[in-house]
Amino acid sequence: MERDKNIVILGTGGTIAGVAEQAGASVGYRAAQLGVAQLLQAVPDLERVAGASLQAEQLAQLDSKDMDHATWHALALRCAELLARDDVSGIVITHGTDTLEETAWFLQCVLRPAKPVVLTCAMRPATAISADGPGNLRDAVACAADTQAAGRGVLAVVAGRVFSARQVRKVHPYRVDAFDGSGAGPQGWVEEGLLRWATGGLPGAAAAGSPAIALPPAGQWPQVELLHSHAGCNSAVALAVMQAWHAAGVRAVVVVGTGNGTVHQALGPALDWAQAQGMALRITTRCEEGQVVQAEGALDGRVSSLPAAKARISLMLELMGWPRALG
Ligand code: SIN
């Protein structure tokens, strides 16, 4: 049956496509084993429930702990192509849970899509007794097909909740509802295939028109690393690490600070040395909630309001000419 909406489902791997050798097991499985077409077959009547025609494409097949810039580049380019097509109303991406929030933020920054782009995942492999992938996939498709999803930018749907790319984060290594909204509630819920929105979209989440994406090949993206501040930091070790990073071509560092963006004094020489070499620096906090609140003039505008892994992405994009407003 011909339907008005047409959603493309891009498979990238993850536990949602995982298989355990031991029947029913929830751990000790191999992620990224089943193709996205097989994932769709596990959801009965999906096109009818979503009221949309579905097409599946396998974009990658990996455990998302191994996510890389080349895959991000391919994913962003494919999303941009699809979003520019009049006959595509939205995109769902099946993904591993471990770096889902990073991929969501990366896509949000480079696409700012006016049409829905919805990531989903699973905490249990497809062969588990309590596999959560089919339900999450059904909810993500329902979200992408919902008329109010447009204009909210990139979203993540997990365990019946909808989160924005900026807020979504994985907070539990095992639980099925492993994600939260970084102190904010979900944008909405999916219940029996129906969306119940709690809020309007975040301001500026979507840009008018087609996404403008112009990235160099992934091999040319600037390498940005994370340096953690913690009790017992060692000056000589930190300097040696920084010098090795610089020699390996690292262009910038996000310092994962303590508390309100404070940094162990032993990291000072390494950071001064990095700055003298022209490496870009950002400081964020390792605190789970909130963000660094600066005194006026402090830290020279080097603070990021994002959690470290997303701050790394924003800084990398900034070094490629993206606006600083990305956080
Ligand atoms: C992955 O991130 O690809 C594996 C773990 C998961 O999806 O839960």
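Predicted model, so just to flag it, every value in this text is computed and none were measured.

Conventions and cut-offs
Residues numbered from 1 in each chain as written. Predicted model: local features only at pLDDT ≥ 70, side-chain atom pairs only at ≥ 80, totals over all residues. Heavy atoms only, no water. Pairing = 2+ DSSP bridges. Helix = DSSP H or I, 4+ residues; strand = E, 2+ residues; numbered from the N terminus. Axes fitted to C-alpha atoms, helices over the stretch in contact; angles between N-to-C directions. Expected span 1.5 Å × (residues − 1). Buried < 20%, exposed > 50% of the residue type's maximum accessible area, 1.4 Å probe, protein only. Polar contact = N/O pair within 3.5 Å; in protein donor to acceptor, adjacent residues only side chain to side chain. UniProt positions renumbered as here; feature names shortened; annotations may be inferred. Parallel < 35°, antiparallel > 145°, perpendicular 65-115°, else oblique. Left-handed = near helix turned anticlockwise from the far one by under 90°. Contact = heavy atoms within 4.5 Å. Nonpolar A, V, L, I, M, F, W, Y, C, P; charged D, E, K, R; others polar. Phe/Tyr/Trp six-rings, centres within 6.5 Å; stacked < 30°, edge-to-face > 60°.

A. Spotlight on the sheet that holds strand S13 (residues 280-285). Taken together, three strands build an open sheet; the order of strands is S11-S12-S13 and the sheet is parallel. Edge positions in the sheet fall to strand S11 (223-228) and S13, since each of these pairs with one other strand and no more. Across the sheet, the mean angle from the axis of one strand to that of its neighbour is 25°, orientation sign disregarded. Both S11 and strand S12 (residues 250-257) contribute to a ladder of six bridges, which runs parallel. Paired with Glu 225 across the bridge in S12 is Val 253.

B. Representation of helix H3 (residues 69-83) in the model. Its 15 residues give H3 an end-to-end C-alpha distance of 21 Å, which sits within 8% of 21 Å, the value for a rise of 1.5 Å per residue. If you check which residues of H3 are buried, you get His 69, Thr 71, Trp 72, His 73, Leu 75, Ala 76, Cys 79, Ala 80, Leu 82 and Leu 83. The N-cap residue of H3 is Asp 68: its side-chain oxygen and the backbone nitrogen of Ala 70 are 3.3 Å apart.

C. Geometry of the UniProt feature "domain: L-asparaginase N-terminal" (unreviewed entry) in the protein. Sites flagged by UniProt as "domain: L-asparaginase N-terminal" (unreviewed entry) map to residues 6-196. Secondary structure content for residues 6-196 is 27% helix and 25% strand, and the end C-alpha separation is 21 Å.

D. Inspection of the packing of helix H6 (residues 235-247) against helix H7 (residues 268-276) at higher detail. Closest axis-to-axis distance for the H6/H7 pair is 7 Å, and the angle between their directions is 25°. By the angle class used here, H6 and H7 are roughly parallel. In this structure, H6 meets H7 at a crossing whose hand is right-handed. Here H6 contributes Ser 235, Ala 238, Leu 239, Met 242, Gln 243 and His 246 to the contact with H7, which in turn contributes Pro 269, Ala 270, Leu 271, Trp 273 and Ala 274. Of the residues contributing to the contact of H6 with H7, the split by class is eight nonpolar, three polar and no charged.

E. Quick look at the packing of aromatic side chains. Taken as a whole and assessed by the stated rule, the structure comprises two aromatic pairs. Between Trp 72 and Phe 106, the ring centres sit 4.9 Å apart and the planes meet at 10°, which makes this aromatic pair stacked. Here Trp 72, found in helix H3, pairs with Phe 106, found in helix H4 (residues 100-111); they are 34 residues apart in sequence, far enough to count as distant. For Trp 72, a relative accessible area of 3% puts it in the buried group. Residue Phe 106 is classed as buried on the basis of its relative accessible area of 0%. Here the aromatic rings of Phe 106 and Trp 221 are separated by 5.5 Å at their centres, their planes lie at 35°, and the arrangement is tilted. Of the two residues, Phe 106 is situated in helix H4 and Trp 221 in the loop between strand S10 (194-197) and S11; the sequence distance between them amounts to 115 residues. The pair formed by Phe 106 and Trp 221 is uniform in burial state, with each residue classed as buried. Pairwise contacts between aromatic rings join Trp 72, Phe 106 and Trp 221 into one cluster.

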